[in-house]
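The residues making up each chain are set out below.
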Amino acid sequence: MAEVTLREITKIYDGGVLAVDKANIEIRDREFVVLVGPSGCGKSTTLRMIAGLEDISGGELYIDNRLVNDVPPKDRDIAMVFQNYALYPHMTVYENMAFGLKIRKFPKEEIEQRVKEAAKILDIEELLDRKPKALSGGQRQRVAVGRAIVRKPKVFLFDEPLSNLDAKLRVQMRAEISSLHNKLQATMIYVTHDQVEALTMADKIVVMKLGLIQQIGAPLELYNRPRNKFVAGFIGSPPMNFMVVELSKEGDHFVADEGAFKINIPVETAPQLEPYVGKSITFGIRPEDVEFSPEPIPGKTIDGTVTVIEPLGSETHIYLSTGKNQFIGKIDPSVTAAVDGPVSLLPDLAKARFFDLDTELAIYEDPVGDIPTVDEQIAAAEAKEAAEAAAAEQN
């Protein structure tokens, strides 16, 4: 397998449309990396540039330490699994899986061995004589993956491969692709708009928005320490709740005034808020980090009116309105509440997140730390290059 390195990769379409802006990503050998973000964020364009299906407007792309900007797709030693499966309808499963090897003039015996090995891994041995029209969506997706496996490429690329499947099958295939990664120990790059897929499958997640990388990190790192408001709201389901509050200080606690209620935040819980006293900030809390309170508690609860109740069996999602803000809380299903009735939620302030109102960056005591900005990534890369060049000159 191989490492994949993107250094300031940029894509500009005709008309000056900037689709990807100086993307810097290091993908280690055998790593499962997921590019995630809303539609139009540039994730599929980035994947297609790695595959060689889109020209690179700027920057450098390396696969296995080889510069491949101008290398045609067939010579990059990658295999891609598409959203629509892209199977030949007139060919059997066996023929679909073998086709790429045949045009590369592999011996017949090796083709048969590779196809049968892949079919066994994917549990589709009994389907080899069928044609795609006789297969379910999940079976077609397994065949598409099998066609990639027989190639034994350095890098596997997946472009939203599960989006055409129903919810239950998506969960099943998600687990199967993760299991496949463990079996093959392969380098995999996976694109999705579904942050649940990203959280459950990835070793590392790349969050994108409008062509810019917002944050790169392990799933729990992005969940627990989002770099900005966008990442905080995108990672997690249901998404994080946000409210704009006026921040003041009274004795040993800050006061976050939402208008309809106030939350007292002990100074030791969030000392980084000191410079924001007298200003407006964004207060964020995840639905799973609140508890139902039988009555309002001044200075502690988020109070409002129930607008929607969603019983899900193991938990209940309750939506409330304060007039200015909408909130979602995950509460115990035994709790009784009524639409249009009052409700109070008690937030776990140790898990609350705060964001600068202007920059939307998270307010931490160590705001850079393990969450470097894109500019900092580029600066670090340039500094490393300069140091290596200086060392080479000395030698």
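The preceding data block contains the structure.
Residues numbered from 1 in each chain as written. Predicted model: local features only at pLDDT ≥ 70, side-chain atom pairs only at ≥ 80, totals over all residues. Heavy atoms only, no water.

Participant: For this particular structure, what's the right way to read the packing of helix H4 (residues 137–149) against helix H5 (residues 167–184)?
Facilitator: When two helices pack together, their arrangement is given by the angle between their axes and by how far apart the axes lie. Interhelical geometry of H4 versus H5 gives an angle of 20 degrees and a closest axis separation of 11 Å. In terms of axis orientation, H4 runs roughly parallel to H5. When the axes of H4 and H5 are compared, the crossing they make is right-handed. Only Leu 169, Gln 172, Met 173, Glu 176, Leu 180 and Leu 184 of H5 make contact with H4, whose side of the interface consists of Gly 137, Gly 138, Gln 141, Arg 142, Val 145 and Ile 149. Broken down by class, the residue content of the contact of H4 with H5 amounts to six nonpolar, four polar and two charged. (Axes fitted to C-alpha atoms, helices over the stretch in contact; angles between N-to-C directions. Helix = DSSP H or I, 4+ residues; strand = E, 2+ residues; numbered from the N terminus. Parallel < 35°, antiparallel > 145°, perpendicular 65-115°, else oblique. Left-handed = near helix turned anticlockwise from the far one by under 90°. Contact = heavy atoms within 4.5 Å. Nonpolar A, V, L, I, M, F, W, Y, C, P; charged D, E, K, R; others polar.)

Participant: For this particular structure, what's the right way to read the pattern of salt bridges?
Facilitator: Where charged atoms from two side chains of opposite charge approach closely, those side chains can pair. Here the structure, examined in full by the defined rule, presents 13 salt bridges. One salt bridge in this structure joins Arg 114 and Glu 110, with 2.9 Å as the shortest N-O distance. Taken as a pair, Arg 114 and Glu 110 lie in helix H3 (residues 108–122) at a separation of four residues, close to a single helical turn. Note on Arg 114: relative accessible area 12%, which makes it buried. Glu 274 is the salt-bridge partner of Lys 249, the closest N and O atoms lying 3.0 Å from each other. Note that Lys 249 is positioned in strand E11 (residues 241–250) and Glu 274 in the loop between strand E13 (262–266) and strand E14 (280–285), a separation of 25 residues in sequence. A residue is classified by how much of its surface remains accessible, and Glu 274, at 37% relative accessible area, is partly exposed. (Salt bridge = Lys/Arg side-chain N within 4 Å of Asp/Glu carboxyl O. Buried < 20%, exposed > 50% of the residue type's maximum accessible area, 1.4 Å probe, protein only.)

Participant: I'm lost on unusual backbone geometry in this one. Help?
Facilitator: Most of the time, phi is negative for any residue but glycine, and the peptide bond is trans. The step from Ser 237 to Pro 238 runs through a cis peptide bond, and the omega angle for that step is -10 degrees. Note on placement: Pro 238 falls in the loop between helix H8 (229–234) and E11. For Asp 77, which is not a glycine, the phi torsion comes out positive at approximately 60 degrees. For Asp 77, the position within the fold is in the loop between strand E5 (66–67) and strand E6 (78–81).

Participant: Can you help me understand the packing of helix H2 (residues 93–103) against H3 in this one?
Facilitator: Remark: H2 packs on H3, axes separated minimally by 10 Å, with the N-to-C direction vectors making an angle of 135 degrees. It follows that H2 is oblique to H3 by the angle criterion. Crossing of H2 against H3: the hand is right-handed. Between H2, through Tyr 94, Met 97, Ala 98, Leu 101 and Lys 102, and H3, the contact on the second element is made entirely by Ile 111, Glu 112, Arg 114, Val 115, Ala 118 and Ala 119. Tallied by class, residues from the contact of H2 with H3 come to eight nonpolar, no polar and three charged.

Participant: Help me understand the packing of aromatic side chains, please; the structure alone is not making it clear to me.
Facilitator: Here the distance between the centres and the angle between the planes together describe a pair of aromatic rings. Tallied over the entire structure, the rule returns seven aromatic pairs. When the ring of Phe 32 is compared with that of Tyr 190, the centres are 5.8 Å apart and the planes differ by 40 degrees; the resulting orientation is tilted. Of this pair, Phe 32 sits in strand E3 (residues 32–36) while Tyr 190 sits in strand E8 (residues 187–192), placing them 158 residues apart in sequence. Residue Phe 32 shares its accessibility class with Tyr 190, and that shared class is buried. With a centroid separation of 5.7 Å and 20 degrees between ring planes, the pair formed by Phe 230 and Phe 234 is classed as stacked. Taken as a pair, Phe 230 and Phe 234 lie in helix H8 at a separation of four residues, close to a single helical turn. For Phe 230, a relative accessible area of 18% gives the class buried. Every member of this aromatic cluster is reached through a ring pair, and the members are Phe 32, Phe 158 and Tyr 190. In this structure, Lys 229 is placed above the aromatic ring of Phe 242, and the distance from its NZ or CZ to the ring centre is 5.1 Å. Its end group placed over the ring of Tyr 276, Lys 279 keeps NZ or CZ at 5.8 Å from the ring centre. (Phe/Tyr/Trp six-rings, centres within 6.5 Å; stacked < 30°, edge-to-face > 60°. Lys NZ or Arg CZ within 6 Å of the ring centre and 35° of its normal.)

Geometric descriptors of this kind do not, in isolation, establish any biological role.
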